[in-house]
Amino acid sequence: QMRPNTTSGLDVALCASCDRCRSRKTKCDGVRPCSNCTANYLKKNRLDSIKHIDPKLFNCVYSPAKRRGPVPGKAGQVRKADAMEQTGKRNGNLLDLGITGVEGNDMMMSPQAQLASLGVGPSGAFGSDSSVVSHSADKGGNGASAIHHHFLPQQSNLGRLGMHTSRSPVGPAVNVTGINTTSQEMNFLQQQIQLQQQQIAYDQMMKKMRPSAPNDSIMSNSFTRPEKLPELTNNIGLAKSVTQHLSLLEKSSIDGNRLRSYYELSIDGLNRLPPVPSDEEYCTRLGGSMNPSMLPRFDLAALRAARFAEIALGALVNDQESLALELSNATVTCLRQCVEDPVHPTCVYDVARAYYLHGLFRCYRGDLVRYFKYRRVCLTHLSQTDSVQGIDAFLAAISFHDSWAYMMYNANEDALPPIDDIIPPLSSDSDTEPTTAAETKYKTSTNPRAVINAYKNQMWMQGAPPVFINNEAPPLCRCLDALACAVRSCCDKANNRFNGTSKDTEMRGNNEAVSKSVTTLAVTANENELCCRNMVLSAFTLLQQYESHLLSIDKNQGYHLIIAALDAFLEDGDKDEAGDLSDSQIQSLLYVCNTSIEHPYLLFQPGPTYHIVSNSAILLCHLLNGLHSNRDLSGKDLGDLEIALFDTVLDTFLSVRKILNIHSAKLPVNLRCHGIPRPNLSKGVPNEESGPFIDLGCTIMCNVRGCQSFVLMGCSPYVASERGQDASSIQLKKDLSMIVEIRENGGICME
C-alpha cells in the first residue's frame, strides 16, 4: 500500500498487514481499520456496529515497510484488477445464459438457466417444484449463492425434508458462473446428486423407525414450500446462549473436557449414567449411511441439552458460577427445541437425563420446587422407554437423591410443594402382576415402567428398593438403591415412624393417629432383609462383587465413603470408651473425613453425602471431648496411645472443618448442615480444664431431624431409637416387677 508522506511529500511503502495482525501472526485484509481490529474493538466495547466511530479509535496502524523488494500489496492490486476483468467477461456470459438484472454483484438467474446448468430437465429437478431454486436465487444475491441456498437445507436439515433425486445425468452444459464446466465443478454437482440419493435412504429409514406424528406429512413436503426454507437454514435456529458455548461440547475442547471431568469425578462418579453419545456415535446407532450433517435439529437439540447439563454441573463444582448459569440457560434453550417436535426414540433417554441433571443444578442452587418439577418431567420422558440400557442406573440415581429430599423434608409429604396442578402425575395403568419370587415377596414390581408410574414414587421413591431386589440389575445400581433405602429408614427412625400403636398407624404428641410411611411398612414387613444394617452390608457385598470383575483405576471412593459412614452410624458403640465410640467406628469416621479432605469434590455428590460428612465431623467432636475429659485433673496426662489418637483426630477434625466450611459457604442457607465449632484453645492450651474441649452448645444445627441427634445425643437416630426402645423395655420390666410386688404385699395386707 502506498500512502503520501505529509512531511516530505513522498509516497511511503507501508506493510500489507497492520501492526496488531503482524504481532499476532493473523491474516490481515489490508483495510483501515482491518476486520480483526474492528472485531476486537466491538468485543471490547460491546458494540454491534462501527457507524459514526472515528477510525483512529480502532488503533489500526500500518508501519512503513523496512525491507527492499517489490512494494507490499502491489501483487494483490494486480490480482484485483485481473479479477475485475474476469468479472466483466463472466457478466457477458451470464447474459447469454439467461441471467438478467446484472448490476454490480446483484444477479438473478432464471429457473430454466439454472436447470440447464445442472443438466436437469424442468420436470426432473432435485425438488418437485423448480421455483424453490429461483426463490433462493432471489434472496441469495448472485448465481453461486442461489445454488448454495438450494443445497444448504439439504445439508443441514435432511432429516426433515423430502427430496427426490434426478435420474437425468449432469450434461456438459455451462455452469452457474458462465465458464466452461471444469472437472472440479462436475465433482461438486455429482456430490450433490449423491447427497440426494442418501436423503431418500434416510427418509425411508426414518419412516420405519420414527413414530408417526400429525406433522409428518407437513414436514415431508416442506421442501416444496419456499416459506419454510428460511426457518430451516438459519443454523438450526440456535439462540446466542447456545452458539457462544457450542465449542465446549467438542471433544477437542480443553475447557469443555475439564468441566466434564469435574462432573464425572463428583456427580457421575456416583450416578454412573451411560455417557452421552457424540454426533458420530448417534449416527452409528441409527445405522445406514448417516453423518452428523444429516441429523434433524430436534435430535441434535436433545443431545446438546444433555451435554450442556453435564458441563453446567461441572462448572458449578469448579466454582464458576457465572459460566454455570450460562450453560444452564443453554440447556433450557435446547430442551425447549426438543418439545417442538417428537424426537427419535433413541434420544428420549438423553432428554430425560437432561431434565434430571438440570433439576440437580436447580437443587444445588436451593430451588427444591424446580427440582421436583424437573424430576416429574424426567419421569414422564423416562416412562416412554422400557428396556433401554442404563435405565436401572437412572432409577437408582433418582432414588438416592430422593433419599436426600426425603431427609430434608423430614419424610413429611404434606410439606412437599404442590406441583400436581402444574405437571400432572403419571398414570398408574401399567401395574403388572408379580413375575418373580422377589416381586411377590416384597410386593413391588421391578419393571421400570411400573416403578416410574407408581403413585407412591411420583414425588420421591418409597417402599422396597425396586432396583435392589432385581437380581438382573447391575451390581453397582443395586448397591446405590440399597443405600437409598437405608437412608430413608434412618429418617423414619428419626421421625418415630417405627414406634406406632398399631401395625399401620403411629401416635404423635397430641394423640393424633398418623399413617406410617410406605418405606416403614415395607421394612417392618421384611425386617430381616430390609433393615438398615442388612442393607448397608448388602451394598458393601455388591460393591465388592462389582470391583472384583472390573480392572480399572477407579476406586469408587464415593461409594466407600457412604458405606463406611453408615456402618459407623449404625453401630451402637462402646460405652466404656471415649465418646462412646468403638475402635471400628473411629477408624470408619477417620476414613470418611480423610477421604473428604483428599477429594473435596465428593461433597457435591448427589444425595446426603455432604450431610453424612458433616455428621461424621460432629462425632469426632464427641470423641475429642471424651478424650479430653478422661485426663486426670490431678495433673496426670493421657497415655501415649491416647495422646497419639488425640493428635490424629484433632488434625483430621481441623482439616475437615475447613473443607466443610468452604463448601457450606457455596451452598444456599436452606441446604447447609451443622455449623462445625472450633476447639476452645488459647495458645494451644484449653481455656477451662473443667469445660468441654469443643462446645457443641453453640452449634448452629441442621433443620433435618436425623442430623440433630448427632449433636444432641452423639449418635445416629437409628441407634438413639434402639437405645430408647431398650430403655423403655427395661423400665417396663421394672414396672411389671413393681406391680407384682404390690400385688403380693397388697394380698398380705388384705389378709
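Look up: the structure comes first, before these words.
The structure reproduced in this document is the subject of the present report. Position numbers for residues start from 1 in each chain and track the written sequence from start to end. Where local features are concerned, this predicted model is filtered to residues with pLDDT of at least 70; where side-chain atom pairs are given and counted, the filter is 80 or more; whole-chain, interface and lining totals use all residues. With hydrogens and water stripped out, all remaining heavy atoms of the structure feed into the side-chain values.

Side note on the packing of helix 18 (residues 391-408) against helix 21 (residues 475-494)
Part 1: Interaxial angle, 0 to 180 degrees, is taken between N-to-C directions of lines fitted to C-alpha atoms, where a helix line uses only the stretch in contact. Put simply, DSSP marks the helices as runs of H or I at least four residues long and the strands as runs of E at least two long, and each gets a number from the N terminus on. Contact pair helix 18 / helix 21: the axes reach a minimum separation of 8 Å and the direction vectors enclose 15°. Classified by the angle between their axes, helix 18 and helix 21 sit roughly parallel to one another. The hand of the helix 18/helix 21 crossing is left-handed. Of helix 21, the residues touching helix 18 (which contributes Asp392, Ala393, Ala396, Ala397, Ser399, Phe400, Ser403, Tyr406 and Met407) are Cys477, Leu480, Asp481, Leu483, Ala484, Val487, Arg488, Cys491 and Asp492.
Part 2: In this classification, the charged set is Asp, Glu, Lys and Arg, the nonpolar set is Ala, Val, Leu, Ile, Met, Phe, Trp, Tyr, Cys and Pro, and all remaining amino acids, among them Gly, are polar. When its residues are assigned to classes, the contact of helix 18 with helix 21 shows 12 nonpolar, two polar and four charged. Comment on the angle field: the value is read as roughly parallel under 35 degrees, roughly antiparallel over 145, roughly perpendicular from 65 to 115, and oblique elsewhere. Crossing chirality is assigned from the near helix's rotation relative to the far helix, an anticlockwise turn below a right angle marking it left-handed and a clockwise turn marking it right-handed. Working rule for contacts: check all heavy atoms of both residues, and any pair within 4.5 Å makes them a contact.

Some words on the pattern of salt bridges
Oppositely charged side chains can pair when the atoms bearing their charge come close.
Part 1: A pair is scored as a salt bridge if a Lys or Arg side-chain nitrogen falls within 4 Å of a carboxyl oxygen belonging to Asp or Glu. For the coordinates displayed, the defined rule picks out 11 salt bridges.
Part 2: Across the pair Glu529 and Lys441 runs a salt bridge, and its minimum N-O distance is 2.8 Å. Of this pair, Glu529 sits in helix 23 (residues 527-530) while Lys441 is found in helix 19 (residues 437-442), placing the two residues 88 residues apart along the sequence.
Part 3: Each residue's exposure class comes from its accessible area (1.4 Å probe, protein chains only) as a fraction of the maximum for that residue type: buried when under 20%, exposed when over 50%, partly exposed otherwise. Residue class for Lys441 comes out partly exposed when judged on its relative accessible area of 42%.
Part 4: Across the pair Arg533 and Glu722 runs a salt bridge, and its minimum N-O distance is 2.8 Å. You can see Arg533 sitting in helix 24 (residues 532-548) and its partner Glu722 sitting in helix 30 (residues 717-750), a full 189 residues away along the chain.
Part 5: Overall, Glu722 belongs to the partly exposed group, its relative accessible area being 22%.

What about a nonpolar patch on the surface?
Part 1: A cluster of nonpolar side chains, namely Met701, Leu712 and Met713, defines an oily patch on the protein surface of about 300 Å² accessible area.
Part 2: Along the polypeptide, Met713 turns up in the loop between helix 29 (705-712) and helix 30. Residues enter a patch when their relative accessible area is above 30% and they make no salt bridge; the linking distance is 9 Å between like charges and 5 Å between nonpolar side chains (Val, Leu, Ile, Met, Phe, Trp, Tyr). Accessible areas in this description were obtained via Shrake-Rupley with a 1.4 Å probe; residue shielding takes into account the shown protein chains only.

A word on the environment of Ser427
Part 1: Turning to its location among the elements, Ser427 is positioned in the loop between helix 18 and helix 19.
Part 2: The sequence separation of Ser427 and Ala450 amounts to 23 residues, and the corresponding C-alpha distance is 9.8 Å.

Examining empty space enclosed by the protein
Part 1: A 1.4 Å probe that fits into a set of points on a 1 Å grid over the protein atoms alone but cannot get out defines a cavity; an open set with protein on both sides within 12 Å along at least five of seven lines defines a pocket, and lining residues are those with an atom within 4 Å of a point. Grid points are joined across faces, edges and corners, and a volume is the space filled by probe spheres set on the points. Evaluation of the coordinates by the stated rule reveals six cavities of 30 Å³ or more.
Part 2: Here the largest cavity is characterised by a volume of approximately 190 Å³.
Part 3: Looking at the largest cavity, it is lined by 15 residues, and the ones nearest its centre are Met407, Cys490, Phe569, Asn615 and Phe710.
Part 4: Secondary-structure elements contributing two or more residues to the lining of the largest cavity are helix 21, helix 25 (557-570), helix 27 (609-629) and helix 29.
Part 5: Estimated volume of the second largest cavity: approximately 150 Å³.
Part 6: As for the second largest cavity, its lining consists of 13 residues, of which Tyr364, Trp404, Gly607, Tyr610 and Leu667 are closest to the centre.
Part 7: Within the lining of the second largest cavity, the residues separate by chemical class into eight nonpolar, five polar and no charged.

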